[in-house]
Amino acid sequence: MIMVKHPLVGIVMGSDSDWPVMSSCAETLKRFGVPYEAKVLSAHRTPDAALDYAASAQERGIKVLIGAAGGAAHLAGVLAAKSELPVLAVPMPSKHLQGLDSLLSMVQMPGGIPVATFAIGEAGAVNAALFSVAMLALNDAELAKKLTEFRVNQSEKVLAKTLPELP
C-alpha cells in the first residue's frame, strides 16, 4: 500500500496491473498536494478486506474513495455499499472488450447507492482525481485557488496553440 500522512483520498484498485493507469490519478492528486493512499483490494478475491476498508475509511479521515477495476468487477460499487463517502469509479481497459465491460458494469448502479463513473483508463483516472480535488476544494480555499489556476493554465495552453500553414 502507498500511503501519505493523513490521506484524504483512498485509491483502491482490483489488481496491481491497474497501477500503470491509476498512477496518473495519484500523480494528479500529488500535483495539488492532496494526500492519498493507494491499495490493491479485489471485490471478488478479497471481499471482506474491501468491505472493511470502505467501512473504516471515513473514521480514518478519508473524504473520497476512488475504485478502479476491470471486467465485470465493480469494486467501486462494493466500496459504496459500505461507505457513505463519495465513491468514484474508474473502469480499467480490458483485453477483449477494451474496458467497455468495465464501464457498463459501473454505470449500472441501482438507485440508492450512487457511484460516479468516469472514462475508461487514464483519462478517467485523471478526471477522478480532479473531481476529488473539486469536492475537497469546496471547504479548502487554498485548494480551490490551485484548481482555478490549473483550469486557467489549461485554457491558456489551448488558446496558445497554432496550426501550421498549408503549403
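I will try to describe carefully the structure that is included in this document. (Residues numbered from 1 in each chain as written. Predicted model: local features only at pLDDT ≥ 70, side-chain atom pairs only at ≥ 80, totals over all residues. Heavy atoms only, no water.)

### Some words on the pairing of strand E5 (residues 87-91)
On a regular strand, each side chain points to the face opposite its neighbour's, so the side chains alternate between the two faces of the sheet. Let me state the cut-off plainly: Relative accessibility under 20% of the residue-type maximum defines a buried residue, over 50% an exposed one, and the middle range a partly exposed one, all with a 1.4 Å probe and only protein chains included. Runs of E in the DSSP output that reach at least two residues are strands. Runs of H or I that reach at least four are helices, and both are numbered from the N terminus. Pairing between strands is defined by DSSP: at least two bridges between them are needed. Here a crossover is taken to be right-handed if, once the strands point away from the viewer, the path from the first strand over the helix to the second is traced clockwise.
For E5, the tally of buried residues reaches five of five residues, placing the bulk of the element in the interior. Burial along E5 is two-sided: the face carrying Val 87, Ala 89 and Pro 91 and the face carrying Leu 88 and Val 90 are both buried. Alignment of strand E4 (residues 64-69) against E5, held across five bridges, turns out to be parallel. Bridged to Ile 66 within E5 is Leu 88. The handedness of the E4 to E5 crossover, carried by helix H3 (residues 75-81), is right-handed. Sheet topology note: the E5/strand E6 (residues 116-117) ladder contains two bridges and is parallel. Residue pairing for E6: Ala 89 is matched across the bridge by Thr 117. Regarding topology, helix H4 (residues 100-107) serves as the crossover connection from E5 to the parallel E6, and that connection is right-handed.

### As for the side chain of Glu 37
Which entries qualify depends on this criterion: Think of a polar contact as two N or O atoms within 3.5 Å of one another; within protein, one of them needs to be a possible hydrogen donor and the other a possible acceptor, and neighboring residues in sequence only count if both atoms come from side chains.
In this structure, Glu 37 sits in strand E3 (residues 36-40). Its relative accessible area of 1% is what places Glu 37 among the buried residues. Polar side-chain contacts of Glu 37 include one of 3.0 Å to the side chain of Arg 60.

### Brief notes about the packing of aromatic side chains
Keep this limit in mind: Stacked, tilted and edge-to-face are the three classes assigned to paired rings of Phe, Tyr and Trp, where Trp is represented by its six-membered ring and a pair needs centres within 6.5 Å; plane angles under 30 degrees give stacked, over 60 edge-to-face, the rest tilted.
Applying the stated rule across the entire model yields two aromatic pairs. Summarising the aromatic geometry, the rings of Phe 32 and Phe 150 are spaced 5.4 Å apart at their centres and angled 65° between planes, so their arrangement reads as edge-to-face. Separated by 118 residues along the polypeptide, Phe 32 in the loop between helix H1 (19-31) and E3 and Phe 150 in helix H6 (residues 141-159) bring together distant segments of the chain. This pair shows no difference in class: Phe 32 is buried, exactly as Phe 150 is. Ring centres 5.5 Å apart and planes at 65° place the aromatic pair Phe 118 and Phe 131 in the edge-to-face group. Of this pair, Phe 118 sits in the loop between E6 and helix H5 (122-137) while Phe 131 is found in helix H5, placing the two residues 13 residues apart along the sequence.

### Some remarks on unusual backbone geometry
The backbone of Gln 98 shows a phi angle near 55°, a positive value even though the residue is not glycine. As for its position among the elements, Gln 98 is in the loop between E5 and H4.

No statement about biological role is implied by the geometric values presented.
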